[in-house]
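Observations on the model geometry
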Amino acid sequence: MQIIVGSYKLEIVKNFLCELGDLLPELEFIHEEFAPVTELRDLSTDPGLSRGLPWEKLLVALSEHQLAGAIYRSDMLPQNVPDEIDKFSLPDRYRAGEFLHSGAAAAGLTLLFRRGDVLMPIIRNLLLPPLVFAGAGIGGIDNVTLGVVNALKDCDVCVYDALIPDGIIDFLPPAAKKIFVGKRRGHHYMKQAEINRLLIELGKSGKKVVRLKGGDPSVFGRLAEEVDSLQREVLSFRVLPGITTLNVAAAGSGLLPSRRGVNRGFTISTPRRAGSHDFVPLSERELKESFNVYYMAANLVPEIVTTMLADGFPSDWPVSLIYDAGSWSETVICGTLTDIEAKISRPDLKRRPALVLTGKSAAESYLFQTNAPLEKKKIICYGAERKLYSPAKTAIENFGGKSMFATVDTLADAESDIFKLEYAAIIFLDEQSRQDFYSKFSCGSLGDKITVMVADASDCRPFVAAGKLSGPVPTLTAPDIENAVLRLAAYFSNRKIEMRRNYTMKMEISNGR
C-alpha cells in the first residue's frame, strides 16, 4: 500500500506516519512526484513540495478512487462533509511533544476516507480507543464494579442515563465531558436514534468514551440497538457488565429467584411491548419461545433437545452453550437442536460448567463482533512483578483480547497446565523474566505462539527472537507496556487483512487554501 505525502508541514504528522508505517510495514510513503521516501524529514525541509490540496479537488480524488484517504487539520474542514466520505479524528497523543506549539497540532488532525473502504476502518480501530459500554449497577456506588470505576477514571467523555447510582459521576476526571441522555417514562431527553448517532460521532472523535447505563447494559438496556449502530460503522467497542436490579433485590430481601425445594428458576420480562406503554401479558407462544437459560445443564443437553423436539420446536431452533462464562477459558458453542450435541462432544468440554441457552436470541448470528484487533485473542503476560501487568491487562482488553498473568512460580515445569491452554501470544513484561523463561524452558515450549518482548519506548524492536539478552536492563514504564501491546495488535491486524499494493492515501495538512 502506498501513502502519498504531500504536505510541506510534514513535521506535524511525522510521529503519526512513523508509527503507522511501523505498525503496518506494507505501507510505503511517497511524495507527490511518486518518488519513494527513505527519510521523512527530507520532505519537510523543502517548502516547494506542496502548498495544500484544495478541498474540492480532494473530494473528486476520493470519490473517483484516485486517493484512499487524506489527513487535514480539523479546523480547515468544511462544515458539511459529503455522506460518501467518512472521517475520524486522531487521538490527542499525536498532538504531544515537540509539535504542541504548532497550529495544526493544536487544532487536531482528521483522517478522511471513502465509506465502504475495507482497510481504513481496521487502521482506525488500531489507532482509536474502543467505545466502552459500562453497567453502573443498581443502588449505591458500592455496587459498581472495579472495571467500570477504572473506565470512568480514564475517560474523556461520559454519555450517561438517568438511573445510575448517586456519586458515580464523581469518578470522572474533572476535565471529562458529561452528556446526559436519560429516559423517563413519557419523556426522553434524547431519542434513541439521536443517541445512536451521538455514539457514532464520539466513537470517531479519538476520545476515550464511556456509555454509562444503569444496572447491566445487557438487561433491558437497549444495548443491542446501540451496538448495532457501531457495528454498521465498523467501530470498536467493549462491554463491561453491571449488577442488575434482580441481584440487589434478591440478595437484600431473601426473595431468591431460585430456592432449593421451592422454585427451580425464574423468568425475566418487560410488561410492555416495543412502542407501547400499556401492560401486555406474555402470550402462550411468547412463553414457549422465550429465551431460556439453564444453569448446570451441560450434561443434560440430550434431554433438553429431545424434549424440545417432542414439544414441536423446529429442528433449526437455536441452542448455545457458554462454558466458564467470564473467565480466561470462556468458550461459546452455538448450534441448533439438530447439531448442538455433536458440537459439544469435544473432549476438552467434558466436566466444564456451562450455561445452556435456547431461543431465537441464542443464534450464532447475534454474537458480538467488536471489530477489535485482538478480538477473541488470549494473551499471557509473563513477568516478575504484578505491577507491570495492570497496564498490559488494560491495553489488551481495550484491543478486545483476554489476558492472564504468569510468573516463574506459575510455570513450574514444561508440563504445567499453562502450556496446555490455547493462547495466541505471550508478552514478557521485563527482560529478566524473559531470560529466566528461556533458561528454564525450551523454545519448543511455545510452539507457534507469538512472543513479544517489552522494550524501552525508544527501541523499535519489541518483537524479538528467542534467546539470551545482553547489555543493561532498562527500567520499563506503563507506556512501554502499552506500546508492546499496540504492536501485537498491529501484528494481528496485518494478518487479518490482505494489503493491496496499489492502495494510495493522500496525507495532507491543509494550509487554508
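Below or above, wherever it landed, is the structure these notes cover. Since the structure is predicted, the reported quantities are computational estimates derived from the model, not experimental observations.

Rules used in this analysis
Residues numbered from 1 in each chain as written. Predicted model: local features only at pLDDT ≥ 70, side-chain atom pairs only at ≥ 80, totals over all residues. Heavy atoms only, no water. Pairing = 2+ DSSP bridges. Helix = DSSP H or I, 4+ residues; strand = E, 2+ residues; numbered from the N terminus. Axes fitted to C-alpha atoms, helices over the stretch in contact; angles between N-to-C directions. Core = buried A, V, L, I, M, F, W, Y, C linked by side-chain atoms within 4.5 Å. Buried < 20%, exposed > 50% of the residue type's maximum accessible area, 1.4 Å probe, protein only. Contact = heavy atoms within 4.5 Å. Salt bridge = Lys/Arg side-chain N within 4 Å of Asp/Glu carboxyl O. Phe/Tyr/Trp six-rings, centres within 6.5 Å; stacked < 30°, edge-to-face > 60°. Lys NZ or Arg CZ within 6 Å of the ring centre and 35° of its normal. Patch = residues over 30% accessible without salt bridge, like charges linked within 9 Å, V, L, I, M, F, W, Y side chains within 5 Å. Areas by Shrake-Rupley, 256 points an atom, 1.4 Å probe, with all protein chains shown as cover.

This part is about the sheet that holds strand β17 (residues 378-382). With parallel pairing, four strands are arranged side by side in an open sheet as β18-β17-β19-β20. Here the strands that pair on one side only, and so sit at the sheet edges, are β18 (402-406) and β20 (450-453). Taken over all neighbouring pairs, the strand axes of this sheet differ in orientation by 20° on average, direction set aside. Where strand β19 (residues 425-428) and β20 come together, four bridges link them in parallel fashion. The residue bridging Ile-426 from the neighbouring strand is Thr-451, located in β20.

So, on to the nonpolar core. In summary, soluble globular proteins display a tendency toward joint burial of nonpolar side chains. One finds Leu-126, Ile-426, Ile-427, Leu-429, Phe-437 and Leu-488 to be the most contacted residues of the largest nonpolar core, which totals 53 residues. Top contributing element to this core by residue count: helix α15 (residues 478-496), with eight residues. Sequence-distant contacts of Ile-426, that is, excluding residues within four places in its chain, are made with Ile-380, Tyr-382, Phe-437, Leu-446, Ile-450, Thr-451 and Val-452. If you look at the next biggest cluster of nonpolar residues, it comprises 19 residues, including Val-149, Cys-158, Tyr-160 and Leu-212.

A word on the pattern of salt bridges. Side chains carrying opposite charge are able to pair once their charged atoms draw close together. Under the defined criterion, the tally for this structure stands at 19 salt bridges. As a salt-bridge pair, Lys-393 and Glu-397 come within 2.7 Å of each other at their nearest N and O atoms. Residue Lys-393 and its partner Glu-397 are located together in helix α13 (residues 389-398), separated by four residues, close to a single helical turn.

Looking now at the packing of aromatic side chains. What the rule picks out here adds up to 10 aromatic pairs. Ring centres of Tyr-382 and Phe-437 lie 5.3 Å apart, and the angle between their planes is 75°; on these two criteria the pair is classed as edge-to-face. A residue pair is termed long-range when its members are at least 10 positions apart, and Tyr-382 in strand β17 and Phe-437 in helix α14 (residues 431-440) qualify at 55 residues. This pair shows no difference in class: Tyr-382 is buried, exactly as Phe-437 is. What links up through ring pairs into an aromatic cluster is the set Phe-133, Phe-237 and Phe-368. Its guanidinium or amino end placed over the ring of Phe-313, Lys-288 lies 5.2 Å from that ring's centre, counting from NZ or CZ. We note Lys-378 situated over the ring of Trp-328; from NZ or CZ to the ring centre the distance is 5.8 Å.

On to helix α5 (residues 120-127), then. With respect to burial, α5 is a largely interior element, eight of its eight residues being buried. Turning to α5, its buried residues are Met-120, Pro-121, Ile-122, Ile-123, Arg-124, Asn-125, Leu-126 and Leu-127.

Here the focus is a nonpolar patch on the surface. A contiguous nonpolar surface patch, about 450 Å² in accessible area, is contributed by Val-219, Phe-220, Leu-246, Phe-266 and Ile-268. With respect to the helices and strands, the residue Ile-268 is situated in the loop between α9 (245-253) and α10 (284-288).

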